[in-house]
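# Summary of structural features
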Amino acid sequence: MVLPRHVYIHVPFCARRCTYCDFSIAVRRVVPVDEYTTALGRELDLRVGDQGRWSIDTLYFGGGTPSRLGGDGVRRLVDAVRRRLDFAADAEVTLEANPEDVTSEAVRAWRDAGVNRLSIGAQSFHDEVLAWMHRSHDSAAILRAVENARAGGIDNLSLDLIFALPGDLTRSWERDVERALALDPSHLSLYGLTVEPRTPLGRSQSRGDLVELPDERYEAEFVHAHAALTSAGYDHYEVSNFGKPGRHSRHNSAYWTGAAYLGLGPSAHEFDGANRRWNVAAYTEWLRRVNSGQDPLDESEQLTPDNRLAEQVYLGLRTEQGLAAMGSEASRIGAWIDAGWATLSPDNRIVLTALGWLRLDALAADLTLVRSCY
Ligand code: SF4
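This write-up is about the structure you can find in this document.

Conventions we followed
- Residues numbered from 1 in each chain as written.
- Predicted model: local features only at pLDDT ≥ 70, side-chain atom pairs only at ≥ 80, totals over all residues.
- Heavy atoms only, no water.
- Core = buried A, V, L, I, M, F, W, Y, C linked by side-chain atoms within 4.5 Å.
- Buried < 20%, exposed > 50% of the residue type's maximum accessible area, 1.4 Å probe, protein only.
- Contact = heavy atoms within 4.5 Å.
- Helix = DSSP H or I, 4+ residues; strand = E, 2+ residues; numbered from the N terminus.
- Near = heavy atom within 4 Å.
- Nonpolar A, V, L, I, M, F, W, Y, C, P; charged D, E, K, R; others polar.
- Salt bridge = Lys/Arg side-chain N within 4 Å of Asp/Glu carboxyl O.

### With respect to the nonpolar core
Counting residues in each nonpolar core, the largest one holds 84 residues, and the members touching the most others are Ile9, Tyr36, Trp110 and Leu118. In this structure, Ile9 is in contact with Tyr36, Leu40, Leu59, Tyr60, Phe61, Gly62, Leu77, Val81 and Leu264, ignoring residues within four places of it in sequence. With 11 residues, the next largest nonpolar core counts Tyr20, Met133, Leu165 and Leu193 among its residues.

If you want it as structure tokens, here you go:
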């Protein structure tokens, strides 16, 4: 068994549901910090069992909104992990945060607990867009959050932004990219809006109330961000992620290279190098199981050779490292190169361009099919 050097902890609490969100969350006005952190410590004991101590390279608090745990709640979670596992000297510890939670006091407490990277959910700098998204903050809160984070000693900051919003919103994507760059974050994650059926936005779409964005706008906004951010010195190192050199997300990079990771908390996924498992999603059921000493497992699966092949191709193509070309593929992908979707590196790796990443699913499926015939 591979001892995972990466740990993901899912903190499900949110103040309210954003219109586009289909994540597994628990909407709570008051976060049950004590109940959750105690249960998380129990899950860790249960799952790590008698495997002894080992060292981890990255710890990632995702959600939900982990920053809603406040300074003390995050400290207690980090302490719970430290009780069972060692941290490498340069361990990356990331906390996802909503802007309004990034106060001076909270940042000091997070930094003292060992958090050294914040991923801030900015999404847009247009107040009317943030209101439409049902976000709990305005654009001024994003600026305050960045200022407070730096003043409190955390300068490895990532901003999340959403592009491809409905055409009837008065949103300038170019202006949002400019405003994000003006804050000089070390990292940016950009996500195209997808309308999931079981969300307020999905319901709006089924009523015919949503003005959908044409595909060309999606493509134009993605390509604009690629050009603006790479010219500003960011590496477009994965389809959705841009980082300054040395500031790529080490935790997420571990996922893309197929490394093993431990997943704790409701709905958390885990991979041991050969098998995937995921926890029950509902907070109350996760809590009940953990508190009665039961594994909160929902389901698990062993990756078949076909699954592994598909995953290896998909993960390879989504990063700037690309995928080593096999057999006669170099000639086969000639059409991709002619279309501007890919390049072949001097060491014979297939590397997708920004235009290629816009077709990632189709290109990965095509190459998987080719490889499955070898
Ligand atoms: S804050 Fe994040 S996790 Fe919570 S509802 Fe909004 S998008 Fe979903």
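So, next bit.
### Digging into the side chain of Ser158
Within the secondary structure, Ser158 is located in strand E7 (residues 157-163). Setting aside its immediate chain neighbours within four residues, Ser158 contacts Arg117, Leu118, Ser119, Ile120, His187, Leu188 and Ser189.

### Remarks on the site of the ligand
As a matter of local geometry, the ligand sits amid Cys14, Arg16, Arg17, Cys18, Tyr20, Cys21, Phe23, Ile25, Gly64, Thr65, Asn98 and Arg135. Taken together, the residues of the shell around the ligand break down into 6 nonpolar, 3 polar and 3 charged.

### Here we look at unusual backbone geometry
The amide bond that connects Gly63 to the next residue, Gly64, takes the cis arrangement and shows omega of 20°. With respect to the helices and strands, Gly64 occurs in the loop between strand E4 (55-63) and helix H2 (70-84). Its identity is not glycine, yet Gln123 carries a phi of approximately 75°, on the positive side. Accessibility expressed as a relative area gives 6% for Gln123, which makes it buried. With phi around 65°, His134 is a residue other than glycine that occupies positive phi space. With respect to the helices and strands, the residue His134 is situated in the loop between helix H4 (127-132) and helix H5 (139-151). According to the relative accessible area criterion, His134 is partly exposed, its value standing at 33%.

### Some details on the pattern of salt bridges
Following the criterion strictly, the structure yields 23 salt bridges and no others. For the salt bridge of Lys244 with Asp184, the shortest nitrogen-to-oxygen distance reads 2.4 Å. Of this pair, Lys244 sits in the loop between strand E10 (241-243) and helix H9 (250-256) while Asp184 is found in the loop between helix H6 (173-182) and strand E8 (187-192), placing the two residues 60 residues apart along the sequence. The partly exposed category is assigned to Lys244, whose relative accessible area is 23%. Taking relative accessible area as the criterion, Asp184 reaches 43% and is therefore assigned partly exposed. Note that Asp295 is salt-bridged to Arg277, the shortest N-O span being 2.9 Å. Here Asp295 is found in the loop between helix H10 (283-291) and strand E14 (297-302), whereas its partner Arg277 is found in strand E13 (residues 275-279), with 18 residues between them in sequence. Under the relative-accessibility criterion, Asp295 is labelled partly exposed at 35%. Through salt bridges with shared partners, a single ionic network connects Glu43, Arg47 and Glu270.

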